[in-house]
Amino acid sequence: MGTQKHLDIAIIGGGIAGLTLAIALHHRGVPFTLYEQAHAFGEIGAGVSFTPSAVQAMQCCHDGIFDAFEKVCTRNEWESKQTVWFDYHDGYNTPPGPSFPISNSLGQRGVHRAEFLDQLVKLIPQHVARFNKVLTSITTAASGKLVMAFGDGTTAEADAIIGCDGIKSRVRQELFPTCKPSYSHKYAYRGLIPMKQAIDAVGNENAQNACMYSRKYSNRAQMGPGGHVLTFPVKSGTVMNVVAFHTSEEPWQDSERNVRTATRADALRDFAGYGEDVTKILQLTDEKLNVWAIFDLHDNPVPLFYQGRVCISGDAAHATSPHHGAGAGFCIEDSAVLAALLSHEAINSPADLELAFAVFDECRRERGQWLVESSRFIGDCYEWRAEGVGNDFAKIENEINRRNSIIADVDVAVMCQQARDTLSRKCGSLVRGFSANI
Ligand SMILES: Cc1cc2nc3c(=O)[nH]c(=O)nc-3n(C[C@H](O)[C@H](O)[C@H](O)COP(=O)(O)OP(=O)(O)OC[C@H]3O[C@@H](n4cnc5c(N)ncnc54)[C@H](O)[C@@H]3O)c2cc1C
């Protein structure tokens, strides 16, 4: 741990962005308090998979995060599939049409979210977290401190605030009220199926290794419902995670709530006409299912990731649809870069924090907002409906590989070093500018 700095940073939200940032700051001696609206840290019981850059970012934040991930992650079962991210199948025709593997250096690494979070929580001391704290507003006191008001009527002060409060971020609303998430016209059923049943239904190869089953949009009209279904093993291969995306032209009824309850019958109706593997998988899901509306910041991106000493990170800054499987990974990249900046020797007083946030914005905004854009496009590619790609399988494969390599083929340690170098340069020019003014 580095020398303790005399700063007072507030992190709002204890999801993947907030927790990884908290761990990285704690182990660098940067003081902070984490405020979470729930009564405890918690994640939903679903799978999340990570890209090679996400895993590098874990190591940059703190080795303990990487160790936690290694402890709970599940790989593809087959030796021959260790670098396969997903096997892409035609999920529409029986017998199926063409299929191809999408590969990267890491292959498929999925975790059960709650299991991963349980490990992460062990990496910070309990006293840094305050629960049941719903941030409602931010103001500035006469002393210059930022004042946070919470739903329980209490307030707290900080030198800087980092909003890691997810897609519906209150911190983002305070900074940029018009930058609201919008519906991507896709929703997803999520389920977990015991592996034995999954194998009986679709065979060892497709149950124990990650697969994506795609379908073109309806032939009946030029526009119409389409979808794609992802499966990958989690929980040491004992469970198959399922995410079934459906595209719909209808609006999402309740923009305040992005999760609604549905039934297995609803899912089967949405995926009627798919190939037999998809039908068999959905038949094995629970009778009651949650449906997640896919919202993102595609239509209303933020102009900056900060304003003054208030910053946003993770989904709060660049909430994306999940089609690249990289939203959570980008949260961890953000944490790695923020921690690299906030632990820089030039960041010592509250007045320095705005500069750190400005460099964070400079280093991360373009990549974060590219993901939001690209994810929408690739989601349509999977469903044979992207402009200029359609159902040309060679083009689909090319687009997936090209875009995935933008995500994966980076060196996160270099990214962090470049951010620190930029900060050093700016500090140097500030100091020179200051001297010149004397
Ligand atoms: C269907 C689906 C599948 C996905 N699959 C993948 C995948 O395979 N790989 C991947 O990398 N990404 C995936 N993602 C994206 C990933 O889930 C998100 O990018 C990531 O979880 C965002 O983390 P976060 O910490 O920024 O936000 P969140 O996880 O939303 O955490 C925000 C935290 O802030 C708290 N909070 C909110 N408001 C307040 C407030 N006012 N005051 C105090 N606390 C507050 C919340 O309680 C929560 O704990 C998927 C997303 C979806 C919807």
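Nothing here was measured: the structure is a model prediction, and the numbers come from that model. (Residues numbered from 1 in each chain as written. Predicted model: local features only at pLDDT ≥ 70, side-chain atom pairs only at ≥ 80, totals over all residues. Heavy atoms only, no water.)

1. A short note on the site of the ligand
Moving on, step 1. Lining the immediate environment of the ligand, one finds 29 residues, of which Glu36, Ser49, Arg113, Asp315 and Ala328 sit closest.
Moving on, step 2. At 2.7 Å from an oxygen atom of the ligand is found a side-chain nitrogen or oxygen belonging to arginine 113.
Moving on, step 3. Taking glycine 327, its main chain carries an N or O atom lying 3.3 Å from an oxygen atom of the ligand.
Moving on, step 4. Coverage of the ligand by the protein amounts to 85% of the 1000 Å² it exposes when considered alone.
Moving on, step 5. At four residues, the largest contribution of residues to the shell around the ligand is made by helix α10 (residues 327–342).
Moving on, step 6. Of the residues assigned to the shell around the ligand, the class counts are 12 nonpolar, 10 polar and seven charged. (Near = heavy atom within 4 Å. Polar contact = N/O pair within 3.5 Å; in protein donor to acceptor, adjacent residues only side chain to side chain. Areas by Shrake-Rupley, 256 points an atom, 1.4 Å probe, with all protein chains shown as cover. Helix = DSSP H or I, 4+ residues; strand = E, 2+ residues; numbered from the N terminus. Nonpolar A, V, L, I, M, F, W, Y, C, P; charged D, E, K, R; others polar.)

2. Some words on the UniProt feature "transmembrane region" (unreviewed entry) in the chain
Moving on, step 1. On the UniProt side, "transmembrane region" (unreviewed entry) is annotated at positions that read residues 7–25 here.
Moving on, step 2. Its end C-alpha atoms 12 Å apart, residues 7–25 is made of 53% helix and 21% strand. (UniProt positions renumbered as here; feature names shortened; annotations may be inferred.)

3. Re the packing of aromatic side chains
Moving on, step 1. Under the criterion given, the structure shown has 18 aromatic pairs.
Moving on, step 2. Ring centres of phenylalanine 69 and phenylalanine 116 lie 6.3 Å apart, and the angle between their planes is 75 degrees; on these two criteria the pair is classed as edge-to-face. On the criterion of sequence distance, the pair formed by phenylalanine 69 in helix α3 (residues 63–72) and phenylalanine 116 in helix α4 (residues 113–121) is long-range, its members being 47 residues apart. Of the two residues, phenylalanine 69 and phenylalanine 116, both sit in the buried class.
Moving on, step 3. Aromatic rings pair up to connect Tyr183, Tyr187, Tyr189, Trp252, Phe271, Tyr274 and Phe295 into one cluster. (Phe/Tyr/Trp six-rings, centres within 6.5 Å; stacked < 30°, edge-to-face > 60°. Buried < 20%, exposed > 50% of the residue type's maximum accessible area, 1.4 Å probe, protein only.)

4. Description of the sheet that holds strand β11 (residues 155–158)
Backbone-to-backbone hydrogen bonds pair the strands of a sheet. The strands run either parallel or antiparallel.
Moving on, step 1. Across the sheet, three strands lie side by side as β9-β10-β11; this open sheet has antiparallel pairing. Across the chains shown, the open sheet's two edge strands, defined by having one partner strand only, are β9 (135–140) and β11. Ignoring which end each strand starts from, the neighbouring axes of this sheet average 25 degrees apart.
Moving on, step 2. One ladder, built from five bridges, connects β9 with strand β10 (residues 146–150); its direction is antiparallel. Within β10, the position partnered with serine 137 by the bridge is alanine 149. (Pairing = 2+ DSSP bridges. Axes fitted to C-alpha atoms, helices over the stretch in contact; angles between N-to-C directions.)

5. Here's the deal with the domain arrangement of the chain
Moving on, step 1. For the chain, the assigned domains read domain 1 (9–74 + 109–180 + 299–437) and domain 2 (182–296).
Moving on, step 2. Of note, the centres of domain 1 and domain 2, computed from C-alpha atoms alone, are 28 Å apart.
Moving on, step 3. Contacts between domain 1 and domain 2 engage 29 residues on the former and 33 residues on the latter.
Moving on, step 4. Interface area for domain 1 against domain 2, summed over the two sides, is near 2500 Å², with a carbon-plus-sulfur share of 56%.
Moving on, step 5. Together, Thr74, Glu383 and Arg385 form the three largest contributors to the area buried by domain 1 at its contact with domain 2, with a combined 25%.
Moving on, step 6. Across the domain 1-domain 2 interface, the total number found is five salt bridges.
Moving on, step 7. In this structure, the salt-bridge partner of glutamate 115 is lysine 235, at a minimum N-O distance of 3.7 Å.
Moving on, step 8. Here domain 1 is connected to domain 2 by 10 residue pairs in polar contact (both at pLDDT 80 or more).
Moving on, step 9. Elements represented by at least two residues in the side of domain 1 that touches domain 2 include exactly β3 (47–49), β7 (109–112), α4 and α11 (353–382). (Domains from an automatic or database assignment. Contact = heavy atoms within 4.5 Å. Buried area = accessible area lost by both parts, 1.4 Å probe. Salt bridge = Lys/Arg side-chain N within 4 Å of Asp/Glu carboxyl O.)

6. What to know about the sheet that holds strand β20 (residues 310–312)
Moving on, step 1. On the basis of which strands lie adjacent, the open sheet formed by six strands has the order β8-β2-β1-β12-β20-β19 and mixed pairing. Each of the sheet's edge strands pairs with one partner strand only, and the pair in question is β8 (129–130) and β19 (306–307).
Moving on, step 2. In this fold helix α1 (residues 16–26) packs onto β1 (9–12), β2 (32–35) and β12 (160–163), with an angle of close to 165 degrees to the strand it touches most, β2.

7. Digging into the pattern of salt bridges
Moving on, step 1. Within this structure, the stated rule accounts for 25 salt bridges.
Moving on, step 2. Between lysine 81 and aspartate 87 there is a salt bridge, with its nearest N and O atoms 2.7 Å apart. This pair shows no difference in class: lysine 81 is buried, exactly as aspartate 87 is.
Moving on, step 3. Here glutamate 333 ties to arginine 364 by a salt bridge, and the two come within 2.7 Å at their closest N and O atoms. Here glutamate 333 is found in helix α10, whereas its partner arginine 364 is found in helix α11, with 31 residues between them in sequence.
Moving on, step 4. Residue class for glutamate 333 comes out buried when judged on its relative accessible area of 0%.
Moving on, step 5. What emerges from the salt-bridge pattern is a single network uniting Lys186, Glu249, Asp380, Glu383 and Arg385.

8. Looking at unusual backbone geometry
Moving on, step 1. Not every positive phi belongs to a glycine, and asparagine 132 is a case in point at roughly 60 degrees.
Moving on, step 2. Looking at the secondary structure, you find asparagine 132 in the loop between β8 and β9.
Moving on, step 3. Since its relative accessible area comes to 45%, asparagine 132 is described here as partly exposed.
Moving on, step 4. Residues other than glycine seldom take positive phi values, yet serine 236 does so here, at roughly 55 degrees.
Moving on, step 5. Among the secondary structure elements, serine 236 is positioned in the loop between β15 (227–234) and β16 (239–247).
Moving on, step 6. Given a relative accessible area of 66%, serine 236 falls into the exposed group.

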